[in-house]
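Each chain, written out:
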Amino acid sequence: MLGGSRCISQHLRDSSFHCSAHQFSTIFTASPPTSNSSFNNFRIRLRNKNSSSSCSSNKVSDFGVYCVRPKSSDTQSSVLSESLSQSGADEEPPSERLPILAGGIVALGKFDALHIGHRELAIQAAKRGIPFLLSFVGMAEVLGWEPRAPIVAECDRKRILSSWAPYCGNVIPRELQIDFSKVRYLTPRQFVEKLSKELGVRGVVAGENYHFGYRASGDASDLVKLCEEYGLEAYIINSVMDTHQISGALNSHDGKERGQVSSTRVRYALNKGDMKYVSELLGRNHRLVLMMEDQERFTSERNRLTAPKSCLLNLAPKEGLYENCSVLIDKNVIPCRVIVDTTDIHLECCEVANFSCVTSQELKILGIDFGSPELDGVQIL
């Protein structure tokens, strides 16, 4: 049975949803200065604890990793300042404590889906030091791409990264996102120089198809050469391949498609409504997040809750009926089914229950998992 406000509040705590609607656009962003120096004096908000490890050898052959260590350089400390390692989830370290990435190993990519390929980058980074995920925000606005819903809701990212800790030596990777408009004109050399001299990075991890620098002019081999020149360790890993057979039409829409797990494939699977395939690509269930603050727009019956799709914080699957869904209420997994139509999302509890408690309290968000609950957190390869 669904309870009142207490059970829902517990659900929010257990689900690691701690951000308000006003924080969604700022939790993981870096605010650069107004000067032309792109990386100087960032005010960065980081989350989660970290610990250190080290790379034990040159040219490692593990999971297709190619490791290049600098020929001669003093290994920087892999331990962040005491203030950072003990900071709370929402603390913002002052700029005088930077570089906050000093001694860290940075995974490079576009971590929008946080799929199993992204997780492998974090795993390899954690094997060599303190793992960070570095990506850029605001690319769509700068490059004129059509706006689209994220695959992962911003307020759900901490939960997902926490679930990666068992794969990363019990270390939760941290995220750093940088305003793309402030770095888009950097050449590959300038980018690596910033990582080395201004952020104090000890090494980087990237996929074999990674491109960087202005107009993506640098590739993985350029990254290795430049890192060696600037005294950084470089780890290039093979792509995590998708064994699922899909239409060749996907390849024609994405020139970077080589059969690897990608955010494009996740969106494709969601668009097809194939939630089993989505779970395989993500390594977890897809969680749809509803913003609950404007509850006048919700309707509820004895065992049914209806919300407008405009309240969604991330990408829903195609229109249709989805069995084997669930919501977590007071540490209890409540089975339900979800109906997605043109304008609304409908939750129908599989048991005799009452959804009125959801809309009668001051709730912020509610998470809905698609798929079998036992798959959540399980590595699916």
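Residues numbered from 1 in each chain as written. Predicted model: local features only at pLDDT ≥ 70, side-chain atom pairs only at ≥ 80, totals over all residues. Heavy atoms only, no water.

### Points about the overall build of the protein chain
What counts here: The numbering of helices and of strands both runs from the N terminus, where a helix is a DSSP run of H or I of at least 4 residues and a strand a run of E of at least 2. Partly exposed describes any residue whose relative accessible area lies between the buried limit of under 20% and the exposed limit of over 50%, with all areas from a 1.4 Å probe on protein chains only and scaled to the type maximum. Whether two residues touch is decided by their heavy atoms; if any such pair falls within 4.5 Å, the residues are in contact. To be clear on the numbers: accessible area is Shrake-Rupley with a 1.4 Å probe, and residue cover counts the displayed protein chains and nothing else.
Counting its secondary structure elements, the protein chain contains eleven helices and 15 strands. When the 381 residues of the protein chain are sorted by exposure, 50% land in the buried category. Across the protein chain, every contact between residues at least 6 apart in sequence was considered, and the portion connecting residues at least 24 apart equals 73%. Approximately 17300 Å² of the protein chain is accessible, and the part contributed by carbon and sulfur atoms is 47%.

### Description of the packing of aromatic side chains
Keep this limit in mind: Aromatic rings from Phe, Tyr and Trp, taking only the six-membered ring of Trp, are treated as a pair when their centres fall within 6.5 Å; an angle between ring planes under 30 degrees marks them as stacked, one over 60 as edge-to-face, and anything in between as tilted. Distance and angle both matter: a charge sits over a ring if NZ of Lys or CZ of Arg is within 6 Å of the ring centre and within 35 degrees of the ring normal.
Evaluation of the coordinates by the stated rule reveals six aromatic pairs. Ring-pair connections join several aromatic residues into one group, and the members of that group are Phe136, Phe180, Phe191, Tyr210 and Phe212. Here Arg119 stacks its cationic end above the ring of Tyr167, 4.4 Å away from the centre of that ring.

### Details of unusual backbone geometry
Positive phi outside glycine occurs at Asn170, with the angle close to 60 degrees. Here Asn170 is to be found in the loop between helix H5 (157–163) and strand S6 (174–179). Despite not being glycine, Arg215 has its phi angle at roughly 55 degrees, a positive value. Counting through the fold element by element, Arg215 comes out in the loop between strand S7 (203–207) and helix H7 (220–229).

### Things to note about the pattern of salt bridges
If the charged atoms of two oppositely charged side chains come close together, the side chains can form a pair. Threshold: In the sections that follow, a salt bridge refers to a side-chain nitrogen of Lys or Arg positioned within 4 Å of a carboxyl oxygen of Asp or Glu.
Under the counting rule described, the total for this entry stands at 13 salt bridges. The salt bridge involving Glu233 is made with Arg202; its shortest N-O contact spans 3.6 Å. Linking Glu233 in strand S8 (residues 233–237) with Arg202 in the loop between helix H6 (188–198) and S7, this pair joins segments that are 31 residues apart in sequence. Residue Glu233 shares its accessibility class with Arg202, and that shared class is buried. Lys276 is the partner of Glu280 in a salt bridge, and the nearest nitrogen-oxygen pair spans 2.8 Å. Separated by four residues within a single helix, Glu280 and Lys276 lie in helix H10 (residues 275–282), roughly one turn from each other. Of the residues examined, Glu280 reaches a relative accessible area of 25% and is grouped as partly exposed. Judged by its relative accessible area of 61%, Lys276 falls in the exposed class.

### Some remarks on the packing of H6 against H7
Quick reminder of the rule: Every angle, taken between N-to-C directions, lies between 0 and 180 degrees, and every axis is a line fitted to C-alpha atoms, over only the stretch in contact when it is a helix. Orientation is classified from the angle alone, with under 35 degrees giving roughly parallel, over 145 giving roughly antiparallel, 65 to 115 giving roughly perpendicular, and any other angle giving oblique. We call a crossing left-handed when the near helix sits turned anticlockwise from the far one by less than a right angle, and right-handed when that turn is clockwise. In this classification, Asp, Glu, Lys and Arg are treated as charged, Ala, Val, Leu, Ile, Met, Phe, Trp, Tyr, Cys and Pro as nonpolar, and every other residue, Gly included, as polar.
Following both chains from N to C, one finds H6 and H7 inclined at 45 degrees, their axes separated by 10 Å at the closest point. It follows from the interaxial angle that H6 and H7 lie oblique. Where H6 crosses over H7, the two elements pack in a sense that is right-handed. Across the interface between the two elements, Pro188, Arg189 and Val192 from H6 touch Leu223, Leu226, Cys227 and Glu229 from H7. Its residues placed into classes, the contact of H6 with H7 shows five nonpolar, no polar and two charged.

### Notes on the pairing of strand S4 (residues 104–108)
Cut-off, in case you're wondering: One requirement defines pairing of two strands: DSSP has to find at least two bridges between them. With strands facing away from the observer, any crossover in which the path from the first strand over the helix to the second runs clockwise is taken as right-handed.
For S4, the buried fraction is high: five of the five residues fall into the buried class. With burial as the criterion, each face of S4 is covered, one bearing Gly104, Val106 and Leu108 and the other bearing Ile105 and Ala107. Here S4 runs beside strand S5 (residues 130–137); their pairing, made up of five bridges, is parallel. Counterpart to Ile105 in the pairing with S5 is Pro131. As a crossover connection, the stretch from S4 through helix H3 (residues 116–128) into S5 is right-handed. Alignment of S4 against S7, held across three bridges, turns out to be parallel. If you follow Ala107 over to S7, its bridge partner there is Val205.

### Regarding H7
For H7, the full list of buried residues reads Ala220, Leu223, Val224, Leu226 and Cys227. Count one or two residues on from H7 and you reach Gly231, which has phi positive near 75 degrees.

### Examining the side chain of Arg284
Worth spelling out the cut-off: Here the positive residues are Lys and Arg and the negative ones are Asp and Glu; neither His nor the chain ends is included. N or O atoms within 3.5 Å of each other form a polar contact, as long as, within protein, one can give a hydrogen and the other can take it, and as long as residues adjacent in sequence are counted only when both atoms are side-chain atoms.
Examined against the element boundaries, Arg284 turns out to sit in the loop between H10 and strand S9 (286–291). Buried within the structure, Arg284 lacks any salt-bridge partner; its nearest side chain of opposite charge belongs to Asp156, at an N-O separation of 6.0 Å. A polar atom in the side chain of Arg284 sits 3.0 Å from the backbone oxygen of Ala113.

### Description of the confidence of the model for the protein chain
Here is the rule: Confidence scores labelled pLDDT are given residue by residue by the predictor and lie between 0 and 100.
Per-residue pLDDT for the protein chain averages 75, and the proportion of residues at 70 or more is 64%. Per-residue pLDDT stays below 50 along residues 1–63; that stretch engages in 179 contacts with residues further than four places along the chain or on separate chains.

### A short note on the environment of Gly213
Turning to its location among the elements, Gly213 is positioned in the loop between S7 and H7. With a relative accessible area of 27%, Gly213 lands in the partly exposed category. Along the chain, Gly213 and Gln190 lie 23 residues apart, while their C-alpha atoms are 8.1 Å from each other. Not counting chain neighbours up to four residues away, the residues in contact with Gly213 comprise Leu186, Thr187 and Pro188.

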